[in-house]
Amino acid sequence: APMNTRPNCIPTLTPTQVMALDPAGTGADPALLALFNSRYPLPNDPSAGDGVNTEGYLFNVPSFLKENTFVGRVDFNITSKQKLFARGTWDRDNNTEFTAQFPTDPPALIGEINHNRSFVVGYTWTISNTLVNNIFAGLTRSVLDFPAEFGPTAPTLYEFGQNLDLTNPYGSFSSQARNVGVPEVREQLSWAKGRHTMEFGVDIKPIREFSNLANSINFPIIGMGGNINQLSPNLRPADINQSQSAINEYDGFFPALLGRFAETSTNFNYDVAGNPLPIGSPANRNYAYNEFELYAQDTFKIRPSLTVTYGLRWQYHAVPYEVNGFESVPTVDEQGLFGARVAAAAQGINGNTAAPLVSYILAGPKNNGPGYYKPDYKDFAPKIGIAYSPSFTSGLLGSLFGDKKTVIRAGGSIVYDRVLNTLEFELDEENFLFSNNVPETFGTPGDPTTSLATDPRFTGLSTPPTVAASPIPRPYTPNVDAMGNPIGLAQLGGFPQFFAFNQNLRTPYAVTASFGVQRSEERRVGKECRSR
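Keep in mind that what you see is a predicted model, and the values were worked out from it rather than measured. (Residues numbered from 1 in each chain as written. Predicted model: local features only at pLDDT ≥ 70, side-chain atom pairs only at ≥ 80, totals over all residues. Heavy atoms only, no water.)

S.K.: I'd like to hear about the overall build of the protein, residue by residue, with values.
M.R.: Helix and strand counts for the protein come out as 8 helices and 19 strands. Taking 532 residues into account, the globule formula puts the C-alpha radius of gyration at 24 Å, and the protein, at 35 Å, lies well above it. When the backbone C-alpha atoms are referred to their principal axes, the protein occupies close to 120 × 75 × 55 Å. A total of 532 residues make up the protein; the buried ones form 35% of that total. Taken as a whole, the protein presents about 30100 Å² of accessible surface, with 56% of it coming from carbon and sulfur. (Helix = DSSP H or I, 4+ residues; strand = E, 2+ residues; numbered from the N terminus. Rg over C-alpha atoms; globule rule 2.2 N^0.38 Å. Buried < 20%, exposed > 50% of the residue type's maximum accessible area, 1.4 Å probe, protein only. Areas by Shrake-Rupley, 256 points an atom, 1.4 Å probe, with all protein chains shown as cover.)

Below, the structure is given as structure tokens:
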């Protein structure tokens, strides 16, 4: 439409005028206009957007929820002294994680599938009146999948730059899945001999955890941004409203209309050797961690009124590792780095060279390297408890405790925790060796005219600006520049990004103690009747 100069009206630019303001002389990007016309529906919600260039769109979209759980159990008496049972559960849940962005999309952009299942088989053998053996074997498997139901531009996800109140044309299609299998074999032998009731047991869990993360995505940004944050007056209409909000609105829309790329960044995944994988290749991880436990316990009935229970448990939870070698550790732990910084501070030394450089190396059994931390073989957990029921028939003690009406219990134990397996995901996110984000910023700082004239422009969904990735060396030192000069830790997130496990990590434990007194009381209500 021709420019409207009437008062209280919003001027518009003709395609020729847009072309005249474009330093490249091409004007509105036809490929981007085609995307707008095909992707975005006409608005129906004036309350959203700026009311002039953009408005909102409302529509109804279904959200699915299906939750089914199946449980079954079978008991079978082999003989009078041998019994067998089997139990199984299975979840079949299919839900909507993220709903459709526009009516033409599938109902779910990201789904949620939960197929958790477990089974156990137990065998009980009553060997004699004093000896009973129980053995259990089973598997608990957590299966969670968040598949991308709609990703027409994968592995490229387009975004719009700053000062542009416009929803990205497509929703995220980053997906993930994990499958955690916990097989378990448990043996328990109970033996009653005299005043002793003894138990001996073994518990074995060779846990395997598989994860898939579709995070290798190219993110191009169209419009304002990159090395230019605002346009110069020669790129704006002469009669533009001089309010800052109007200028910001125009500056955001004009580079987008031209289809100008402001910047792009690509997440790359790498193989164990350090070579970049094709864009779109998921990060597959297969972790293993084995748990072994032994225990023995005796309940000793010293007297009818006094029972003592004591036992000892030993556990060995092996250090988790990635089966295929996708594992890395720093060459300096946080104690070494922090200790060096404290010593330098005491001497008045600062700067990026005041602490040793931290490099990352391949680790784990597959690479014949060190583990995330050193294994701990000394996790012994003793336990002791006492139960005493005194018998007093008279006097003060009889009034307080009664005749076997009071039970005094006391006990103490050491309980070891498990190292959280969720830390493995955090370790993998900040591994420095198997993933990397490579940014590329377009534009000439301080020169928006040259930027709009020379920066790449949108030509189609399948032809974004390409980003090149180079192999990651082993070892890799992330806190140095291309010339090998230290740049410190601030740009890399500091300590939390560098360290997750202490090389001298000990299994967390708790010391517990308890004491209690329980008193029962009997009372009679009513009258006693006598007869002659």
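S.K.: Report on the layout of surface pockets, specifying residues and quantitative values.
M.R.: One simple way to see leftover space: roll a probe sized like a water molecule over the atoms. Estimates place the volume of the largest pocket at around 1700 Å³. Taken together, 45 residues make up the lining of the largest pocket; nearest its centre are D50, V52, N53, T54 and F253. When residues of the lining of the largest pocket are traced back to their parent elements, those giving at least two are α1 (15-21), α2 (30-39) and α3 (244-257). Here the lining of the largest pocket gets 8 residues from one element, more than from any other, and that element is α3. Per-class residue counts for the lining of the largest pocket are 29 nonpolar, 11 polar and 5 charged. (1 Å grid on protein atoms, 1.4 Å probe; cavity = no way out; pocket = protein on both sides within 12 Å on 5 of 7 lines; lining within 4 Å. Points joined across faces, edges and corners; volume = space filled by probe spheres on them. Nonpolar A, V, L, I, M, F, W, Y, C, P; charged D, E, K, R; others polar.)

S.K.: Explain the pattern of salt bridges to me, using residue names and the numbers behind them.
M.R.: Taken as a whole and assessed by the stated rule, the structure comprises 8 salt bridges. Across the salt bridge formed by R186 and E184, the nearest N and O atoms sit 3.8 Å from each other. Put simply, D251 and R236 hold a salt bridge, and the shortest N to O gap is 2.9 Å. With D251 in helix α3 and R236 in the loop between β9 (218-222) and α3, this residue pair connects regions lying 15 residues apart in the sequence. For the pair D251 and R236, one class covers both residues: buried. (Salt bridge = Lys/Arg side-chain N within 4 Å of Asp/Glu carboxyl O.)

S.K.: Describe a nonpolar patch on the surface, naming the residues involved and giving the relevant values.
M.R.: Residues I135, V185, V202, I204, F292 and L294 make up a contiguous nonpolar surface patch of roughly 410 Å² in combined accessible area. Of all the secondary-structure elements, those providing two or more residues to the nonpolar patch are β8 (196-214) and β11 (283-303). Checked against the element boundaries, V185 lands in strand β7 (residues 175-193). (Patch = residues over 30% accessible without salt bridge, like charges linked within 9 Å, V, L, I, M, F, W, Y side chains within 5 Å.)

S.K.: Go over the sheet that holds strand β6 (residues 159-160), please, and point to the residues and values.
M.R.: In space, the 4 strands of this open sheet follow the order β6-β9-β10-β18, with mixed pairing throughout. At either margin of the open sheet sits one strand with a lone partner, and together these are β6 and β18 (435-441). One ladder, built from 2 bridges, connects β6 with β9; its direction is parallel. Bridging from a neighbouring strand, F160 pairs with I222 of β9. (Pairing = 2+ DSSP bridges.)

S.K.: Account for the nonpolar core, with residues named and values stated.
M.R.: Membership of the largest hydrophobic core comes to 19 residues, with the highest contact counts inside it found for L157, I222, F261 and F458. Setting aside residues no more than four positions away along its own chain, L157 makes contact with Y170, G171, S172, F173, I217, N218, F219 and P220. Core analysis: the second largest hydrophobic core is formed by 15 residues, Y270, L337, V358 and V438 among them. (Core = buried A, V, L, I, M, F, W, Y, C linked by side-chain atoms within 4.5 Å. Contact = heavy atoms within 4.5 Å.)

S.K.: Run through the confidence of the model for the protein, naming residues and quoting values.
M.R.: Counting all residues, the mean pLDDT for the protein is 89, and 94% of those residues have values of 70 or more. Highest mean pLDDT in the protein belongs to strand β4 (residues 117-126) (97); lowest belongs to helix α8 (residues 495-498) (60). Under a pLDDT of 50 for its full length, residues 1-7 has, in the predicted model, 14 contacts with residues more than four places off or in other chains. (pLDDT = per-residue confidence, 0-100.)

S.K.: Describe the packing of aromatic side chains, and please don't skip the residues or the numbers.
M.R.: Enumeration according to the criterion identifies 17 aromatic pairs in this entry. Relative to Y40, the ring of F36 has its centre 5.7 Å away and its plane inclined at 65°; by these criteria the two rings are edge-to-face. Relative accessible area serves as the criterion here: at 18%, Y40 is assigned to the buried category. Relative to F434, the ring of F326 has its centre 5.2 Å away and its plane inclined at 70°; by these criteria the two rings are edge-to-face. Separated by 108 residues along the polypeptide, F326 in the loop between β13 (321-322) and β14 (328-330) and F434 in the loop between α6 (423-429) and β18 bring together distant segments of the chain. Take F434: its relative accessible area is 0%, and that puts it in the buried class. Members of the aromatic cluster, each reached through a chain of ring pairs, are F292, W314, Y316, Y377 and F380. In this arrangement the basic side chain of R285 is found over the ring face of F326, its NZ or CZ atom lying 4.2 Å from the centre. (Phe/Tyr/Trp six-rings, centres within 6.5 Å; stacked < 30°, edge-to-face > 60°. Lys NZ or Arg CZ within 6 Å of the ring centre and 35° of its normal.)

S.K.: Account for the pairing of β9, with residues named and values stated.
M.R.: With respect to burial, β9 is a largely interior element, 5 of its 5 residues being buried. Both β9 and strand β10 (residues 261-269) contribute to a ladder of 5 bridges, which runs antiparallel. Note on β10: the bridge partner recorded for F219 is S265.

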